[in-house]
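# Structural overview
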Amino acid sequence: MPPQERLTPKKTVGFLRRLAPRVRPYRFPLLVAGVLMLASVSIGLAFPLVVRELLDAAFLAADGQLLNRIAIGLLSLFGVLAVVNFAQSYLTASVSERVVADLRRDLFSSLVSQPPGFFAERRVGELSSRLASDSGLIQGVLRFGVPEIIRQVVFLVGALVLVTITHPRLTLVTLTAIPFAALVGWFFGRKVRSLSTHIQDRLADAVARAEQVFTQIRTVQSF
């Protein structure tokens, strides 16, 4: 097997850019999912401040009925947040399934049109594994990776804005920790990406070997 080419950030961005034409037909569900994500993040950011103000008002007024209404309101808010998160996850999963289905269909059409020499140099089991597992990785990126990155970036920016408004000094302490956390994440991210690539290669080899054995099972059992 040829050595794996190192995936740089520039190549990663280029790869995601090549996926854009496949995602573009589903831009409306993604737009709705983005709005739901912003709503979810906004609720999560505003929740501590709202609860603090409500509880302070209830305790200062010594009003037990107000505390009960606050509890009911919080339960309702949790219910709304659960529905918003479910709708956003459903739309993201639906789009990722459709994009990967289109990708697998096009990839299969491209593979079957290759000349016989292409299949003479590559094992059928490896191609089948790549068709299933590699496209599954792309689905994971579209379904979990990209939405989670966007969510965390929006949450981080919103949290920094709120902290800056309420406690400017605390913002400086927070900003000093961000470069260290980013460096640690970058280091372990490279390790995980390298391990993931190695696992995919080993899986493709194992599937190819198993398919060869099962295809020629009579010859294998005779020995």
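Here is a short report on the structure shown in this document.

## A word on the overall build of the chain
If you tally the helices and strands in the chain, you get 7 helices and 0 strands. Listed by position from the N terminus, the elements making up the chain come as α-α-α-α-α-α-α. When burial is assessed residue by residue, the chain has 21% of its 223 residues classed as buried. Put simply, 78% of the contacts in the chain that link residues at least 6 apart link residues at least 24 apart. Entry remark: accessible area of the chain is about 15900 Å², with carbon and sulfur atoms responsible for 70%.

## Here we look at the nonpolar core
Soluble, globular proteins show a tendency: their nonpolar side chains are buried together. Ranked by size, the top nonpolar core spans 8 residues in total: L19, V23, Y26, V95, V99, L103, I138 and L142. Listing elements by their share of this core, those giving two or more residues are α1 (9-23), α3 (64-112) and α5 (124-166). A total of 3 residues in this core trace back to one element, the largest contributor, which is α3. If we skip the residues at most four places from it in the chain, L19 touches I138 and L142.

## Considerations on a nonpolar patch on the surface
On the surface, a cluster of nonpolar side chains totalling about 660 Å² of accessible area is made up of F180, L183, V184, W186, F187 and F188. Within the secondary structure, W186 sits in helix α6 (residues 168-215). Under the relative-accessibility criterion, W186 is labelled partly exposed at 49%.

## Remarks on the environment of E126
Summarising the element assignment, E126 is placed in helix α5. Note on E126: relative accessible area 17%, which makes it buried. Separated by 81 residues in the primary sequence, E126 and V207 place their C-alpha atoms 6.4 Å from one another.

## Structural notes on the packing of aromatic side chains
Under the counting rule described, the total for this entry stands at 2 aromatic pairs. Ring centres of F47 and F78 lie 5.5 Å apart, and the angle between their planes is 45 degrees; on these two criteria the pair is classed as tilted. Of this pair, F47 sits in helix α2 (residues 27-61) while F78 sits in helix α3; the two residues are 31 residues apart in sequence, bridging distant segments of the chain. Where F86 meets Y90, the ring centres are 6.3 Å apart and the plane angle is 25 degrees; that geometry is what we call stacked. Residue F86 and its partner Y90 are located together in helix α3, separated by 4 residues, close to a single helical turn. For F86, a relative accessible area of 60% puts it in the exposed group.

## Overview of the pattern of salt bridges
Counting across every chain of the model gives 2 salt bridges. With a shortest N-O distance of 2.5 Å, R22 and D106 are connected by a salt bridge. Taken together, the residues span a long stretch of sequence, with R22 in helix α1 and D106 in helix α3 at a distance of 84 residues. Judged by its relative accessible area of 37%, D106 is partly exposed. Two residues, D102 and R105, come together in a salt bridge whose shortest N-O distance is 2.9 Å. Highlighted residues: D102 and R105, both in helix α3, separated by 3 residues, approximately one helical turn.

Cut-offs applied
- Residues numbered from 1 in each chain as written.
- Predicted model: local features only at pLDDT ≥ 70, side-chain atom pairs only at ≥ 80, totals over all residues.
- Heavy atoms only, no water.
- Helix = DSSP H or I, 4+ residues; strand = E, 2+ residues; numbered from the N terminus.
- Buried < 20%, exposed > 50% of the residue type's maximum accessible area, 1.4 Å probe, protein only.
- Contact = heavy atoms within 4.5 Å.
- Areas by Shrake-Rupley, 256 points an atom, 1.4 Å probe, with all protein chains shown as cover.
- Core = buried A, V, L, I, M, F, W, Y, C linked by side-chain atoms within 4.5 Å.
- Patch = residues over 30% accessible without salt bridge, like charges linked within 9 Å, V, L, I, M, F, W, Y side chains within 5 Å.
- Salt bridge = Lys/Arg side-chain N within 4 Å of Asp/Glu carboxyl O.
- Phe/Tyr/Trp six-rings, centres within 6.5 Å; stacked < 30°, edge-to-face > 60°.

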